[in-house]
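# Fold and contact review
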Amino acid sequence: MSNNGNFQYTCVPAIKWVIRNLHNDNVEADGLATWNAILNLRFPSTQGFLIRPYMHCALRGYPGWFELQISHLKDGLQNPVLVLYYQRADRQDDDQWETGQRELQLYLAFRYRNLADNAAPIYGILAIGAKLKIFQYDNPSRSIEHFVPPWDLERHDEQVWNMLRKISRNHTGGGGCEARGVKTESGRQGNDGSQNVSGTLAGVDAGSQRL
């Protein structure tokens, strides 16, 4: 990855192409390919980051959400970094953003309810089509703080990239906020809870399935 301060993910021809294809065709697979490419660029495994895909089942006629979950491996501990919820844009659903934000908040509150108070912050991205909102999860209040209005992946590439850089640095010691894991009996996980959460919380499918 380039260290040039002017570098953006749209400098990569393949990523720029798939974003524009997403604008035109709104295909779910293109959205996942776009985000997988961007996140792997900003959160590489060479720096200890791991990206896991999950799928959340649809409930009561609502389409399901796809999840990309990022953790950071440090000293044998996996610390949660970011949860991305993705769904293709539905022009017939005026409440898609509101529904997605509610489900993301409930999911984060349930999954990370045992997060240590001194843990590095966890972020959430709600992505619908080629647009996104970024949040920071606050564990004491079990709520998410809205950082930015809806951004477009192509038009706001600099802002999105800078925010992802900030999140990455918070978990690699470059941003003044260091992750502090809590070692479990297995010794394999840090602040993160169990890898497969079961049960349903307030209508949200917390039993995400690995893809």
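Computed from a prediction, not measured in an experiment: that's the story for all the values here. (Residues numbered from 1 in each chain as written. Predicted model: local features only at pLDDT ≥ 70, side-chain atom pairs only at ≥ 80, totals over all residues. Heavy atoms only, no water.)

## Details of helix 4 (residues 157-172)
- With 16 residues, helix 4 should cover 22 Å at 1.5 Å per step; its first-to-last C-alpha distance of 22 Å lies within 8% of that length.
- Residues of helix 4 that are buried: D157, V160, W161, M163, L164, R165, I167, S168, N170 and H171.
- Backbone geometry just downstream of helix 4 places G173 in the positive-phi region, at approximately 85 degrees. (Helix = DSSP H or I, 4+ residues; strand = E, 2+ residues; numbered from the N terminus. Expected span 1.5 Å × (residues − 1). Buried < 20%, exposed > 50% of the residue type's maximum accessible area, 1.4 Å probe, protein only.)

## Let's talk about the packing of helix 1 (residues 13-25) against helix 2 (residues 28-42)
- Running from amino to carboxyl end, helix 1 crosses helix 2 at an angle of 150 degrees, the nearest separation of the two axes being 9 Å. In terms of axis orientation, helix 1 runs roughly antiparallel to helix 2. The crossing of helix 1 and helix 2 is left-handed. From helix 1, I15, V18, I19, N21 and L22 reach across to helix 2, where they touch D30, G31, A33, T34, A37, I38 and L41.
- Grouping the constituent residues of the contact of helix 1 with helix 2 by class yields eight nonpolar, three polar and one charged. (Axes fitted to C-alpha atoms, helices over the stretch in contact; angles between N-to-C directions. Parallel < 35°, antiparallel > 145°, perpendicular 65-115°, else oblique. Left-handed = near helix turned anticlockwise from the far one by under 90°. Contact = heavy atoms within 4.5 Å. Nonpolar A, V, L, I, M, F, W, Y, C, P; charged D, E, K, R; others polar.)

## Things to note about the nonpolar core
- Counting residues in hydrophobic clusters, the biggest one holds 30 residues, and the most contacted among them are Y9, W35, L39, F43, L82, I125 and L132.
- For this core, the secondary structure elements donating two or more residues are helix 1, helix 2, strand 2 (65-74), strand 3 (77-87), strand 4 (122-128), strand 5 (131-138) and helix 4.
- Broken down by element, the residue count for this core peaks at five residues, all from helix 4.
- Not counting the four nearest positions on each side in its chain, L39 is found in contact with I51, L68, I70, L82, L84 and L164.
- W65, V83, L104 and Y137 belong to the second largest nonpolar core, which has 17 residues in total. (Core = buried A, V, L, I, M, F, W, Y, C linked by side-chain atoms within 4.5 Å.)

## Some details on the pairing of strand 3
- When you tally the buried positions in strand 3, you get 11 out of 11 residues, the bulk of the element.
- Where strand 2 meets strand 3, nine bridges bridge the pair, whose relative direction is antiparallel. By the bridge assignment, F66 is partnered in strand 3 with Y86.
- Between strand 3 and its parallel partner strand 4, the chain crosses via helix 3 (residues 96-111), and the hand of that crossover is right-handed. (Pairing = 2+ DSSP bridges. Right-handed = clockwise from strand over helix to strand, strands pointing away.)

## Re the pattern of salt bridges
- What the rule picks out here adds up to three salt bridges.
- When the shortest N-O distance is used, the salt bridge between R20 and E154 registers 2.7 Å. Remark: E154 occurs in the loop between strand 7 (151-152) and helix 4 and R20 occurs in helix 1; sequence separation between them is 134 residues.
- In this structure R20 comes out as partly exposed when scored by relative accessible area, which is 41%.
- On the basis of relative accessibility, which here comes to 22%, the residue E154 falls in the partly exposed class. (Salt bridge = Lys/Arg side-chain N within 4 Å of Asp/Glu carboxyl O.)

## A few points about the packing of aromatic side chains
- Counted by the stated rule, this structure contains five aromatic pairs.
- For the ring pair F7 and W161, a centre distance of 5.6 Å and an interplane angle of 70 degrees mean the geometry is edge-to-face. Taken together, the positions of F7 in the segment before helix 1 and W161 in helix 4 put the pair 154 residues apart, joining distant regions of the chain.
- The class of F7 is buried, set by a relative accessible area of 14%.
- Overall, the relative accessible area of 1% leaves W161 in the buried class.
- Ring geometry for W65 against Y85: centres 5.8 Å apart, planes inclined by 25 degrees, an arrangement best described as stacked. Here W65, found in strand 2, pairs with Y85, found in strand 3; they are 20 residues apart in sequence, far enough to count as distant.
- Judged by relative accessible area, which is 4%, W65 ranks as buried.
- Classification of Y85 as buried rests on a relative accessible area of 1%. (Phe/Tyr/Trp six-rings, centres within 6.5 Å; stacked < 30°, edge-to-face > 60°.)

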